[in-house]
Amino acid sequence: TGALTPVAILEPVEVGGVTVKHATLHNFDQIKRLNLKLGDTVVISRAGDVIPQVTEVLTGLRTGEEREFQLPGKCPIDDSKIIKEGVIWKCGNPDCGARLRERIDHFVSRSAFDIRGMGPKIASRFIDEGFISDFSDIFLLEKEEIAALEGFGERSAMKLLREIEESKEVDVARFIYALGILHVGEETSYMLSGELEFQGDSGKPSDLIKIIGGFSNEELMGLPDVGPRVAGSIEEWFGDERHIKLLKDLDGAGVTLKFPEKDKNKGKLKGKTFVITGSLESMSRDEAKARIRKEGGDVVSSVSSQTDYLIAGKDPGSKFDRARELGVKILTEEEFLDMLS
């Protein structure tokens, strides 16, 4: 998205069994709210037992050597002017190199196109070599240009191209998530894929121009869990001519979308909402989510009174305690597998 996100660099400290060296500060307004200075002593926690964040500044421990933090005047990557949108400061150049790298990394990630042979280092190298300047270029890579790079060869080039070819047919929910639309995460993408009307079992990326882009702001806000911010972001994305061209370029690159089955909500988990915490032994979290959705269930990230089940794997976090407080049914991994069988 081009957002400049401040990060706190810490003296290493153990939090919940994990050594933490960095913590998110969310945005620059958060620095002001905390009255945070360089050199401060702070209290940190791990949100959801995962993301370290600064929650308090211990001003009583200041020595007088602390310094005010200065907002950078330009993007630290390409020196472009930075602009403010709401509480977010971001690079004003939509083609900033850092934005492209992050977009590509997100596009090929496990929850999106799942091209496992194209990690951040390889993707960055292809960008530096001029092989990739947008998503569609990934599907137009050639064996000869990859094999000619140092550290590659014909065999590794062929392996990567096979992975790319196999990824060309992708579930529409994964595709929507892969686009990196601001405020549209994994769960919103799956919700959209279930709520939209598709003709047939498959289609082209550009079909979404009419299917999603044809919605008014009011119609979007009528969908489950879509508020003004999400609706506005979706409307803006599909109204951008560059994004329309991108979808058409993906058509040309041979990408096809698999649409959800019309009877997908007839599964045994229809209408049930799940949260997953801890690590699972028989499958990854992504695989567990896919199996729940295949059976008509929904997966959300946080526990509430509306949650039907919490699946607790090894070393569950605070979600486990929250589920017990709310009386949410807690399943072991074995019980979850029995439910699916």
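Residues numbered from 1 in each chain as written. Predicted model: local features only at pLDDT ≥ 70, side-chain atom pairs only at ≥ 80, totals over all residues. Heavy atoms only, no water.

Peer 1: Residue-level account of the side chain of glutamine 53, with values.
Peer 2: In this fold, glutamine 53 is placed in strand E4 (residues 51-57). Polar contacts involving the side chain of glutamine 53 include one to the side chain of histidine 26, which spans 3.0 Å. Ignoring anything within four residues of it in the chain, the contact list for glutamine 53 reads Ala23, Thr24, His26, Val43, Ile44, Ser45 and Ala47. (Helix = DSSP H or I, 4+ residues; strand = E, 2+ residues; numbered from the N terminus. Polar contact = N/O pair within 3.5 Å; in protein donor to acceptor, adjacent residues only side chain to side chain. Contact = heavy atoms within 4.5 Å.)

Peer 1: Describe the state of the cysteines, with residues and values.
Peer 2: Within this structure, the stated rule accounts for 0 disulfides. Just so you know, cysteine 91 is unpaired, no disulfide at all, and the nearest cysteine sulfur is the one on cysteine 75, 3.7 Å from it. Looking at cysteine 91, the relative accessible area reads 2%, which means it is buried. (Disulfide = S-S within 2.5 Å. Buried < 20%, exposed > 50% of the residue type's maximum accessible area, 1.4 Å probe, protein only.)

Peer 1: I'd love a proper account of the packing of aromatic side chains, names of residues and values included.
Peer 2: Scanning the entire structure with this criterion turns up 11 aromatic pairs. Pairing phenylalanine 107 with phenylalanine 135 gives two aromatic rings, centres 4.1 Å apart and planes at 10°, and the pair type is stacked. On the criterion of sequence distance, the pair formed by phenylalanine 107 in helix H2 (residues 97-107) and phenylalanine 135 in helix H4 (residues 135-138) is long-range, its members being 28 residues apart. Owing to a relative accessible area of 0%, phenylalanine 107 belongs among the buried residues under this scheme. (Phe/Tyr/Trp six-rings, centres within 6.5 Å; stacked < 30°, edge-to-face > 60°.)

Peer 1: Please give an account of the sheet that holds strand E11 (residues 298-299) that cites residues and values.
Peer 2: Taken in spatial order, the 4 strands line up as E11-E10-E12-E13 in an open sheet, and their pairing is parallel. The strands lining the two open edges of the sheet, one partner per strand, are E11 and strand E13 (329-332). Where strand E10 (residues 273-277) meets strand E12 (residues 309-312), 4 bridges bridge the pair, whose relative direction is parallel. Counted as the bridge partner of phenylalanine 274 is tyrosine 309 from E12. Strands E10, E12 and E13 of the sheet are contacted by helix H15 (residues 333-340), whose axis makes an angle of about 90° with E13. (Pairing = 2+ DSSP bridges. Axes fitted to C-alpha atoms, helices over the stretch in contact; angles between N-to-C directions.)

Peer 1: Any details on the environment of lysine 21? Residues and values, ideally.
Peer 2: Tracing the backbone shows lysine 21 in strand E2 (residues 18-24). Spatially, the C-alpha atom of lysine 21 lies 8.3 Å from that of alanine 8, the residues being 13 residues apart in sequence. Contacts of lysine 21, omitting those with residues within four sequence positions, involve Ala8, Ile9, Leu10 and Pro12.

Peer 1: Let's hear about the layout of surface pockets: which residues, and what values?
Peer 2: By volume, the largest pocket is sized at about 1800 Å³. In this structure, the largest pocket is lined by 50 residues; those nearest its centre are Thr1, Gly2, Arg99, Gly180 and Leu182. Those elements that place two or more of their residues in the lining of the largest pocket are strand E5 (82-85), strand E6 (88-91), H2, helix H11 (228-238) and helix H12 (241-252). The element contributing the most residues to the lining of the largest pocket is H2, with 6 residues. Each residue belonging to the lining of the largest pocket can be placed in one class, and the counts come to 21 nonpolar, 16 polar and 13 charged. (1 Å grid on protein atoms, 1.4 Å probe; cavity = no way out; pocket = protein on both sides within 12 Å on 5 of 7 lines; lining within 4 Å. Points joined across faces, edges and corners; volume = space filled by probe spheres on them. Nonpolar A, V, L, I, M, F, W, Y, C, P; charged D, E, K, R; others polar.)

Peer 1: Lay out helix H13 (residues 285-294) with the relevant residues and their values.
Peer 2: Within the sequence span of H13, burial applies to Ala288, Lys289, Ile292 and Arg293. Relative to the axis of H13, the buried residues are bounded by an arc of 130° and lie together on one face. Downstream of H13 by a residue or two, glycine 296 has a phi angle that is positive, lying close to 90°. (Arc of directions from axis to C-beta.)

Peer 1: If you had to explain the nonpolar core to someone new, which residues and values would you point to?
Peer 2: For soluble globular proteins, nonpolar side chains are generally found buried alongside one another. With 54 residues, the main nonpolar core has Met118, Ile138, Phe175 and Leu208 as its most contacted residues. With residues up to four places along the chain from it excluded, the contact list for leucine 208 reads Val172, Phe175, Ile176, Phe198, Gly213, Phe238 and Leu257. One finds Leu25, Phe28, Cys75 and Cys96 within the second-largest nonpolar core, a separate group that totals 18 residues. (Core = buried A, V, L, I, M, F, W, Y, C linked by side-chain atoms within 4.5 Å.)

Peer 1: Lay out H12 with the relevant residues and their values.
Peer 2: A rise of 1.5 Å per residue sets the reference length of H12, with its 12 residues, at 16 Å; its end C-alpha atoms lie 17 Å apart and thus fit the reference within 8%. Among the residues making up H12, those that are buried are His243, Ile244, Leu246, Leu247 and Leu250. Along the axis of H12, the buried positions cluster into a sector of 155°, meaning they face one direction only. Projecting away from the buried face of H12 at angles above 90 degrees are the exposed residues Glu241, Lys245, Lys248 and Gly252. Against H2, H4, helix H7 (172-178), helix H9 (207-211) and H11 lie the buried residues of H12. Regarding H12, its N-cap is aspartate 240, as a side-chain oxygen of that residue lies 2.8 Å from the backbone nitrogen of arginine 242 further along. Positive backbone phi, at 95°, marks glycine 254, one or two positions downstream of H12. (Expected span 1.5 Å × (residues − 1).)

Peer 1: Can you tell me about the pattern of salt bridges, naming the residues and giving the values?
Peer 2: Using the criterion set out here, one finds 15 salt bridges in the structure. One salt bridge in this structure joins lysine 90 and glutamate 85, with 3.4 Å as the shortest N-O distance. Two residues, glutamate 154 and lysine 143, come together in a salt bridge whose shortest N-O distance is 3.6 Å. With glutamate 154 in helix H6 (residues 154-167) and lysine 143 in helix H5 (residues 143-147), this pair connects stretches of sequence that are 11 residues apart. Given the relative accessible area of 52%, glutamate 154 is considered exposed. On the basis of relative accessibility, which here comes to 26%, the residue lysine 143 falls in the partly exposed class. (Salt bridge = Lys/Arg side-chain N within 4 Å of Asp/Glu carboxyl O.)

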